[in-house]
Amino acid sequence: MTNSVLHPKVSVIIPVYNTEAFVKEAITSIMRQTLSEIEIIIINDGSTDKSLQIINHLAEQDQRIKVYSQNNQGLSSTRNRGIKLASGSYIYFMDSDDFLESKALEACLTKCETYNLDFVFFDADFINLNEKTDIGIRYNRKQYTDETSIYKGIDILNSQLDKRCYNPTVWLNFIQTDYIRKNNLSFLPGIIHEDQLFTCLLYLQADRVMSIHKNFFKRRLRENSIMKQHFSKKNMQCYFIVSDHLIRFASENPIVRNTIDKYLFQMLNTAAWLSYKLPWEDRWFIANQYLRKYKRYISVRNLLILLFKRLITA
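Residues numbered from 1 in each chain as written. Predicted model: local features only at pLDDT ≥ 70, side-chain atom pairs only at ≥ 80, totals over all residues. Heavy atoms only, no water.

**Student:** Please clarify how the nonpolar core should be interpreted in this entry.
**Tutor:** A general trend in soluble globular proteins is that nonpolar side chains are found buried together. Ranked by size, the top nonpolar core spans 58 residues in total, and within it F93, L204, L246 and Y290 carry the most contacts. If one sorts the elements of this core by residue count, helix α8 (residues 233-252) sits on top with eight residues. Of all hydrophobic cores here, the second largest spans 39 residues; its members include I42, I65, C112 and L172. (Core = buried A, V, L, I, M, F, W, Y, C linked by side-chain atoms within 4.5 Å. Buried < 20%, exposed > 50% of the residue type's maximum accessible area, 1.4 Å probe, protein only. Helix = DSSP H or I, 4+ residues; strand = E, 2+ residues; numbered from the N terminus.)

**Student:** In this structure, what is going on with the pattern of salt bridges? I would like to understand it.
**Tutor:** Pairing between side chains becomes possible if they bear opposite charge and their charged atoms approach one another. Taken as a whole, this structure holds 18 salt bridges when the rule is applied. Note that K218 and E101 form a salt bridge whose closest N and O atoms lie 3.1 Å from each other. Of this pair, K218 sits in strand β10 (residues 217-219) while E101 sits in the loop between β5 (99-100) and α4 (104-115); the two residues are 117 residues apart in sequence, bridging distant segments of the chain. For E101, a relative accessible area of 35% puts it in the partly exposed group. Residues K218 and D125 are paired through a salt bridge, measuring 2.9 Å at the closest nitrogen-oxygen approach. Residue K218 is found in strand β10, and its partner D125 is found in strand β7 (residues 124-126); the two are separated by 93 residues along the sequence. For K218, a relative accessible area of 11% translates into the label buried. Through salt bridges that share partners, R79, D95, D97, D98, E194, D195 and R219 make up one connected network. (Salt bridge = Lys/Arg side-chain N within 4 Å of Asp/Glu carboxyl O.)

**Student:** Could you clarify how one ought to interpret the pairing of strand β1 (residues 10-16) in this entry?
**Tutor:** Within a regular beta strand, the side chains point alternately toward one face of the sheet and then the other, so they alternate between its two faces. With seven of its seven residues buried, β1 lies for the most part within the structure. Sheet analysis places β1 next to strand β2 (residues 38-45), joined by seven bridges and oriented parallel. Among the inter-strand pairings, S11 is bridged to a residue of β2, identified as E39. With helix α1 (residues 23-31) bridging β1 and the parallel β2, this β-α-β connection has right-handed handedness. Bridge count between β1 and strand β4 (residues 90-93): four bridges; the pairing is parallel. Within β4, the position partnered with V10 by the bridge is Y90. (Pairing = 2+ DSSP bridges. Right-handed = clockwise from strand over helix to strand, strands pointing away.)

And the structure:
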């Protein structure tokens, strides 16, 4: 049995909801990290399968695991609870259906402490993606960053946006806890695409950021994951909510306005393109939203794709 850590260096936050087939591998990958001075905060978000039973069994083997249960509140609220509970100097957000290479946390901690970083980011692989399948998501930024350079967050965000390699997923980042709390960073409850807001704000306010050219995170593609769910009107409504928050942030922080404009242009153009298969009434609603509030963030081409591509490809 592993001894508990009174003063952990890293708090790993793992929300769990109905991932009984994968949660043991995910948690075990954290238990087996070469860095032992960690706390593993697992929040069972109202699971109705055997996830909690599996979690409790693992907690009996490792005193670093702290298990909390709550009624289902969604990923954002669950992560926010984890932030409040964290006692480590750094926070890492882990998903309960993927796994992390064993040296990841130690490598990230060493780099952050050596260079006094706000956060460090790394890359990921898919572990079960068919070679013939292209889902349009890339997690590899090695060729676009210098592993030895310290960046301001806004500068490396601009660079990644310009090179079309930015990825907002939060589990690609290892973050100083004081930085999160000082900037009141949290996940917006009640939405999907919550990482789009959190990670953008993470970058925009950071003074010291570095990269590690390793694919530490192993992403599992599964049929009922959020990533694989069909695009719907709700997706677009959440993108608009994220946009509103970022536009408000830009109005309060004019120095970041151009970066946020660039970010929203890329995000909302991609979202418009993804919407073309929706029912006509949904597409008309979305188009009206663009024209009324977000006209500067969509190209004429993608607006036409949103409205008419389904007719052309039918």
